[in-house]
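# Results of the structural survey
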Amino acid sequence: MGKGEPLIYGIFGLVVGLILFVKGFFWLKQKRLIENIPTSKVRSLAMGLVEISGEAKLADKHALKSPFSNKDCVYYKYTVEEYCKQGKNHKWITRKKGAESVNFYLKDATGAVLVDPKGANIDIPADNEFKSKWGRDPPAVVMNFLKAKNISFEGFFGANKTMRYREYFLAPKDKVYLMGTAGKNPFVKEGTAVNNVDNIMMQKGKNEKFYFISDSGEKHILEKLKWLVILGFFGGGILSVVCLIFILFYLALF
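So, here's what we can say about the structure. These numbers come from a predicted model, not from an experiment. (Residues numbered from 1 in each chain as written. Predicted model: local features only at pLDDT ≥ 70, side-chain atom pairs only at ≥ 80, totals over all residues. Heavy atoms only, no water.)

On to the nonpolar core. Judged by nonpolar contacts, the single largest core of 23 residues is most densely connected at Leu 45, Leu 106, Val 113, Val 115, Leu 178, Met 202 and Ile 213. Among all residues touching Ile 213, those that are not within four sequence positions of it are Val 115, Pro 117, Ala 120, Asn 121, Ile 122, Asp 123, Leu 170, Val 176, Tyr 177 and Leu 178. Phe 68, Phe 145, Ile 151 and Phe 153 belong to the second largest nonpolar core, which has 16 residues in total. (Core = buried A, V, L, I, M, F, W, Y, C linked by side-chain atoms within 4.5 Å. Buried < 20%, exposed > 50% of the residue type's maximum accessible area, 1.4 Å probe, protein only. Contact = heavy atoms within 4.5 Å.)

Here it is, written out as structure tokens:
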């Protein structure tokens, strides 16, 4: 370890701790919003920040296709990672990532409302994970994707690299929990709507920081946010204090 490396690690830890501590306020505010805003039925939506839940439904016949498994979906993201050596350690390095979405309907027992997912924090687990390594090629659907994106899974002398491929997607009929802004639907001309909800589209509000979509229920989301708040305030706070004390001692200022 170089002479100045402990100080660099101390400064890095301090920055990470401060970021976590600040994020704790954001997670706490989001948790309180979810707790305080009652879940609305689609039929009774009012303009402004609302919380709704239901299932995803295609807005038209043309769905997206998930990149690796070729499943119908309204949103997907993917990562292509390589297991690389960096110094004395090995870690997963992201070589390629991407995401795409289309408008879709969120449907409950009372009706359906159009959703524009652009700008949303979409929290869903990985649906599929594939790997390739020495003596093991990725599946054919993954190989086709890699070829289209001009990504090589081979290294020297044609030997396979150790790589990981993950895809996340929101498919028709998947459960959807959404907190966002009920705003004007730009695809419906004024005065032509059959139902009041036809005039509404869920979207990221101009003055709202929160636009959240998940395939988990409200209870699960609140539990996750509770632990994130603890991580932010206590974990970030303790890490910041410990690293600051270390830096002061290291510089002989304390």
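Here the narrative resumes, following the displayed structure.
This part is about the environment of Pro 67. Within the fold, Pro 67 resides in the loop between strand E2 (64–65) and strand E3 (72–73). When residues no more than four places from it in sequence are discounted, the contact partners of Pro 67 are Tyr 76, Tyr 78, Val 141, Phe 145 and Glu 167. (Helix = DSSP H or I, 4+ residues; strand = E, 2+ residues; numbered from the N terminus.)

Let us look at helix H3 (residues 218–250). Counted at 1.5 Å a residue, the expected span for H3 with its 33 residues is 48 Å, and the 46 Å between its end C-alpha atoms agrees. Along H3, the residues classified as buried are Ile 221, Leu 222, Leu 225, Val 229, Gly 232, Phe 233, Gly 236, Gly 237, Ser 240, Cys 243 and Ile 247. Summarising the contacts, the buried residues of H3 are in contact with helix H1 (5–36), strand E11 (175–184) and strand E13 (212–214). One or two steps after H3, the chain reaches Ala 252, where phi turns positive at roughly 55 degrees. (Expected span 1.5 Å × (residues − 1).)

This next bit is on the side chain of Asp 108. As for its position among the elements, Asp 108 is in strand E6 (residues 104–108). One buried charged side chain, Asp 108, makes no salt bridge at all; its nearest oppositely charged neighbour is Lys 41, positioned 5.2 Å away. Those residues in contact with Asp 108 that sit more than four places away from it in its chain are Ser 40, Lys 41, Val 42, Ser 53 and Gly 54. (Lys, Arg positive; Asp, Glu negative; His and termini not counted. Salt bridge = Lys/Arg side-chain N within 4 Å of Asp/Glu carboxyl O.)

Okay, the sheet that holds strand E9 (residues 128–132) next. Across the sheet, which stays open at both edges, the 4 strands sit in the order E5-E4-E10-E9 with antiparallel pairing between neighbours. This sheet does not close on itself; its edge strands, each paired only once, are strand E5 (89–101) and E9. Each neighbouring strand pair of the sheet contributes to a mean axis angle of 15 degrees, computed without reference to strand direction. (Pairing = 2+ DSSP bridges. Axes fitted to C-alpha atoms, helices over the stretch in contact; angles between N-to-C directions.)

Tallied over the entire structure, the rule returns 12 aromatic pairs. On the numbers, 5.0 Å between centres and 25 degrees between planes, the contact of Phe 26 with Phe 210 is stacked. Remark: Phe 210 occurs in the loop between strand E12 (200–203) and E13 and Phe 26 occurs in helix H1; sequence separation between them is 184 residues. On the basis of relative accessibility, which here comes to 5%, the residue Phe 210 falls in the buried class. A ring pair is formed by Phe 246 and Tyr 250, whose centres lie 5.9 Å apart and whose planes are at 35 degrees; its orientation type is tilted. With Phe 246 and Tyr 250 both in helix H3, this residue pair falls 4 residues apart, about one helical turn. Assessed through its relative accessible area of 35%, Phe 246 is described here as partly exposed. An aromatic cluster is built from Phe 68, Tyr 78, Phe 130, Phe 145 and Tyr 165, whose rings are joined through pairwise contacts. Taking the ring centre of Tyr 168 as reference, the NZ or CZ of Lys 77 above it sits at 4.7 Å. (Phe/Tyr/Trp six-rings, centres within 6.5 Å; stacked < 30°, edge-to-face > 60°. Lys NZ or Arg CZ within 6 Å of the ring centre and 35° of its normal.)

Attention now moves to the pattern of salt bridges. Considering all chains together, one arrives at 9 salt bridges under this definition. Of the charged contacts, one joins Arg 164 and Glu 81 as a salt bridge, the two residues approaching to 2.9 Å between their closest N and O atoms. Here Arg 164 is found in strand E10 (residues 163–170), whereas its partner Glu 81 is found in strand E4 (residues 75–86), with 83 residues between them in sequence. Arg 164 gets classed as buried once you look at its relative accessible area, which sits at 10%. In this structure, the salt-bridge partner of Asp 116 is Lys 118, at a minimum N-O distance of 3.1 Å. A relative accessible area of 11% means that Asp 116 is categorised as buried. One salt-bridge network, in which partners are shared between bridges, spans Glu 129, Lys 131 and Arg 166.

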